[in-house]
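Notes for the structure review
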Amino acid sequence: MNKSKLLKRFRMLSRVMSNRGDITINLTGNRCYTDYNSITLPVGDLENPDYLELLEGAIDHEVGHLRWTDRTWTAKSYEKGVFFNAIRNGIEDIRMERMVCLEWPGAILNLSKMVTQGIKKGWFSKPTDRFPPSLLLQAVVVYYGRYKINDQVQLKEFCEIALALLTDCIGQKPVQDLILLLDTIPTLQSNQHSYELTEQIIQLLKKIEFKPGYSQGQNSNVSQQVINFVNECLNADESQLMADLHEQVNNELEKMADEVRSRNDMEQLIEFNAPLISKNDRGTVGTAALNQAKRLSTPISRELHKIIYGLDRKSVNFSKQGRTVEANRLAGVKAGNFNVFKSERITKAPTMAISVLVDRSSSMSADDMNGANTSALAINLAIDKLKGVNSECIYFSAGYLYEAKCFKSTTKAVKDNFRVSSRGGTHTGLSLYSVIRRLSLRVEQKKVVFIITDGQASDLKYLEKSIEMSELLGIQIVCIGINTGMLYGFENQELLNIQTVEELPSILKQVIKNKLIA
């Protein structure tokens, strides 16, 4: 399955399963994360069945959390300590995945395959008498819930072994009482209920006393054994517990993505030739119109604001229950359409990282270089005014990249770094690769490269590969030509050409009109 089909499938699943049309599925870079409005997963080998099984399981699991897990109670759970949270997390995963499967039966297979992967990779391991008390109790909760409640039968043996070992440690009656509590998971309606069930399990542990039916023997040594077991559970640290499944899956997906990147011959070739990035410009001095850049930064910021915050989305839904009646829909009631209650949801524009990549090759005349410097300075000053948007500015020639501004600095603080002169060849492709590689590791949701150049690239083979890589990673490229009729290597992308810096605001209007950033 190719990347576009995979993304289409994932986005369709997220809409159907989450009942939230604003969830975005990003398949990009090599890191996993969610901001609770979008899910980002790394690009791995799309021909590897293990990768695809984990990816589909991760989607079903994460979308389930976005819809059914209230983060407020997760935060409260963390405050109660690692053992409490581990038990609560295990219960919540079981409860949430059960809801996913009831809503979307196709998820049953995906989540089952994810569990099989977990067994194969050792995330779910066969219990032994060497398990710490906390890990053994957690294993009972996780394996019993997944096997008995979510029908993940591949965990049957692990469940039965864990129950037998726990009975040996604390006795049959407490284990029976624990099972009665776990059997209530199908009735839980929220993460709060998972939290409250965990509190009941903790109270059960604390109430265990030495008396008939609660231990295997009738002597003080056995009683102390039970007390020690309970105390070790309650005071456990992370090393004595099963790692969170969410983290295990994410780490494995990231590992698979890194492996693909490291063994890809094309990437290795570009990596070998990629220019180094320096913070020093080796003493070369050019010109930049600082006052002009400052003046233009305001209209440029205004146009960028329209582009970026134009990505805000408003969704309107109608249902049979609610607080606000849409009068225009009342006429349909007689026809049986009772969905007259209106609800609106506004999704904020995503965070964005922008790399401004500036051509400083010898083909750039002194006037062109002054225009490029002033343009780059104006764009970065404008970006500094936008909330949630970060930028860097990189100048390129042959075999050398100069960082005029990093993501952490303000443009005003480094404005003199934009006085760059021209020199050397035009390794646009290799330079673009270096910038794409940096952007792919950024945490922002959207990534864009602004290229300012006269268009005469000398490494078209690498440029083609870098553009292909940017498309795969979901990184957009906006090309701004300086006094040129075409950008070599960018023939399939629309050229935005300027003769003077004063044209930048109108050029950015063209970006809006043509929806080059979407």
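To be clear, the structure that these remarks concern was listed above.
Think of each chain on its own: its residues are numbered from 1, step by step along the sequence as written. Only residues with pLDDT of 70 or above have their local features reported here, since the model is predicted, and side-chain atom pairs are shown and tallied only from 80 upward, although totals for entire chains, interfaces and linings are computed over all residues. The basis for every side-chain value is the complete set of heavy atoms in the structure, and neither hydrogens nor water enter the calculation.

Details of the packing of helix α8 (residues 172-182) against helix α9 (residues 191-207)
Structural elements are reduced to axes, namely lines fitted to C-alpha atoms, with helices fitted over the stretch in contact, and the angle between N-to-C directions of any two is expressed from 0 to 180 degrees. Secondary structure counts use DSSP, requiring at least four H or I residues in a row for a helix and at least two E residues in a row for a strand, with both numbered from the N terminus. For the pair α8 and α9, interaxial distance at closest approach is 10 Å and the crossing angle is 175°. Relative to α9, the element α8 lies roughly antiparallel. Of the residues in α9, those touching α8 at Pro174, Asp177, Leu178, Leu181 and Leu182 are Leu197, Gln200, Ile201 and Leu204. Gly falls in the polar group here, along with every residue not listed as nonpolar (Ala, Val, Leu, Ile, Met, Phe, Trp, Tyr, Cys, Pro) or charged (Asp, Glu, Lys, Arg). Of the residues in the contact of α8 with α9, the class split is seven nonpolar, one polar and one charged. Each angle is binned into one of four classes, with values under 35 degrees roughly parallel, values over 145 roughly antiparallel, values of 65 to 115 roughly perpendicular, and all other values oblique. The contact definition used throughout considers only heavy atoms, calling two residues in contact when any of these lie within 4.5 Å.

Side note on the sheet that holds strand β11 (residues 475-482)
Within a beta sheet, neighbouring strands are joined by backbone hydrogen bonds and run either parallel or antiparallel to one another. What the seven strands build is an open sheet, ordered β4-β9-β8-β7-β10-β11-β12; its pairing is mixed. Edge positions in the sheet fall to β4 (276-278) and β12 (496-498), since each has one partner strand and no second. Going across the sheet, the axis of each strand differs from the next one's by a mean of 25°, ignoring polarity. DSSP bridges decide pairing: two strands pair if at least two such bridges lie between them. The sheet contact formed by strand β10 (residues 446-453) and β11 spans seven bridges and is parallel. Each bridged residue has a counterpart across the sheet, and for threonine 453 the counterpart in β11 is glycine 481. Contacts from helix α15 (residues 428-440) reach β4, β7 (352-359), β8 (389-396), β9 (400-405), β10 and β11, with the element oriented near 155° to β10.

Describing the pairing of β8
We call a residue buried when its accessible area falls under 20% of the maximum for its residue type, exposed when it is over 50%, and partly exposed in between, using a 1.4 Å probe and counting protein chains only. For β8, a buried count of seven out of eight residues is recorded, marking the element as mostly surrounded by other parts of the structure. Taken together, the eight bridges between β7 and β8 define a ladder with parallel strand orientation. For serine 355, the partnering residue across the bridge sits in β8 and is glutamate 392. Looking down the strands as they point away from the viewer, one classifies a crossover as right-handed if the path from the first strand across the helix to the second runs clockwise. In terms of handedness, the path from β7 via helix α14 (residues 366-384) over to β8 forms a crossover that is right-handed. Two strands pair when backbone bridges link them, and β8 and β9 are joined in this way by four bridges, in the antiparallel orientation. Paired with cysteine 393 across the two strands is lysine 405, which belongs to β9. Remark: three residues form the turn of the hairpin made by β8 and β9, two consecutive strands paired antiparallel; glycine 399 in that turn has positive phi of roughly 70°.

Here we look at the sheet that holds strand β2 (residues 33-34)
Read across the open sheet, the three strands follow the order β1-β3-β2; overall the sheet is mixed. Of all the strands in the sheet, just β1 (24-27) and β2 have a single pairing partner and so form its edges. Relative to strand β3 (residues 38-41), β1 runs parallel, the two being bridged by four bridges. Note on β3: the bridge partner recorded for asparagine 26 is threonine 40. Contacting β1, β2 and β3, helix α2 (residues 49-68) runs over the sheet at an angle of about 160° to β3.

Comments concerning the environment of valine 420
When you line up the elements, valine 420 lands in the loop between β9 and α15. Taking relative accessible area as the criterion, valine 420 reaches 1% and is therefore assigned buried.

Considerations on the side chain of glutamine 138
Here glutamine 138 lies in helix α6 (residues 133-149). In this structure the side chain of glutamine 138 is engaged in a polar contact, spanning 2.6 Å, whose partner is the backbone nitrogen of methionine 242. In this structure glutamine 138 touches Ala86, Ile87, Leu241 and Met242, once residues within four positions along its chain are discounted. A 3.5 Å cut-off defines polar contacts: any pair of N or O atoms within that distance qualifies, except that in protein one atom must be a possible hydrogen donor and the other a possible acceptor, and neighbouring residues in sequence count only when both atoms are side-chain atoms.

Thoughts on the packing of aromatic side chains
Only rings of Phe, Tyr and Trp enter the pairing, Trp through its six-membered ring, and a pair is recorded when the two centres are within 6.5 Å. The plane angle decides the type: under 30 degrees is stacked, over 60 is edge-to-face, the rest tilted. If you walk through the whole model with that rule in mind, you get five aromatic pairs. A ring pair is formed by tyrosine 143 and phenylalanine 158, whose centres lie 5.6 Å apart and whose planes are at 50°; its orientation type is tilted. Of the two residues, tyrosine 143 sits in helix α6 while phenylalanine 158 sits in helix α7 (residues 156-170), which places them 15 residues apart along the sequence. Under the relative-accessibility criterion, tyrosine 143 is labelled buried at 0%. Residue phenylalanine 158 is classed as buried on the basis of its relative accessible area, which comes to 10%. Each residue in the set Trp73, Phe84 and Tyr195 is aromatic and connected to the rest through ring pairs, giving one cluster.

A few points about the layout of surface pockets
Using protein atoms alone on a 1 Å grid, points that fit a 1.4 Å probe yet trap it form a cavity, whereas open point sets bounded by protein on both sides within 12 Å along at least five of seven lines form a pocket; residues with an atom within 4 Å of a point count as lining. Grid points are joined across faces, edges and corners, and a volume is the space filled by probe spheres set on the points. As a volume, the largest pocket reaches approximately 900 Å³. Residue lining of the largest pocket: 36 residues in total, with Tyr78, Asn85, Asn89, Asp244 and His246 positioned closest to the centre. Mapped by element, the contributors of at least two residues to the lining of the largest pocket are β2, α2, α3 (71-79), α4 (82-103), α6 and α11 (245-263). Here the lining of the largest pocket gets nine residues from one element, more than from any other, and that element is α4. Split into classes, the residues belonging to the lining of the largest pocket amount to 15 nonpolar, 10 polar and 11 charged.

Points about helix α5 (residues 107-120)
Between its first and last C-alpha, α5 extends 20 Å over 14 residues, near the 20 Å set by a 1.5 Å rise per residue. Buried within α5 are the following residues: Ala107, Asn110, Leu111, Met114, Val115, Gln117 and Gly118. Projected onto a plane normal to the axis of α5, the buried residues spread over an arc of 155° and lie on a single side. By this rule the span expected of a helix is its residue count minus one, scaled by 1.5 Å. Taken from the helix axis, the directions to the C-beta atoms give the arc we talk about.

A look at the pattern of salt bridges
Within this document, salt bridges are pairs made up of a side-chain nitrogen of Lys or Arg and a carboxyl oxygen of Asp or Glu, the two lying within 4 Å of each other. According to the stated counting rule, one finds 14 salt bridges in the structure shown. Close ionic contact of aspartate 177 with lysine 173 constitutes a salt bridge, the shortest N to O distance being 3.0 Å. Here aspartate 177 and its partner lysine 173 are both found in helix α8, four residues apart, which amounts to about one turn of the helix. Its relative accessible area of 16% is what places aspartate 177 among the buried residues. One network of salt bridges, in which partners are shared, links Lys279, Glu392, Glu403 and Arg438.

Description of the packing of α6 against α8
Where α6 meets α8, the closest approach of the two axes is 11 Å, and the angle between their N-to-C directions is 50°. Taken together, the axes of α6 and α8 lie oblique to each other. Two packed elements cross with a definite hand, and for α6 against α8 that hand is right-handed. Where α6 abuts α8, its residues Leu137, Val140, Val141, Tyr144 and Ile149 lie against Leu178, Ile179 and Leu182. Of the residues assigned to the contact of α6 with α8, the class counts are eight nonpolar, no polar and no charged. In a left-handed crossing the near helix is turned counterclockwise from the far helix by less than a right angle, and in a right-handed crossing that turn is clockwise.

So, the nonpolar core
Judged by nonpolar contacts, the single largest core of 101 residues is most densely connected at Leu41, Tyr143, Leu166, Leu182, Leu253, Leu432 and Val449. Judged by nonpolar contacts, the second largest core, of 45 residues, contains Leu381, Cys393, Val420 and Ile498. Each nonpolar core is a collection of buried residues, namely Ala, Val, Leu, Ile, Met, Phe, Trp, Tyr and Cys, held together in the definition by side-chain atoms within 4.5 Å.

Coordinates in, geometry out; function isn't part of it.
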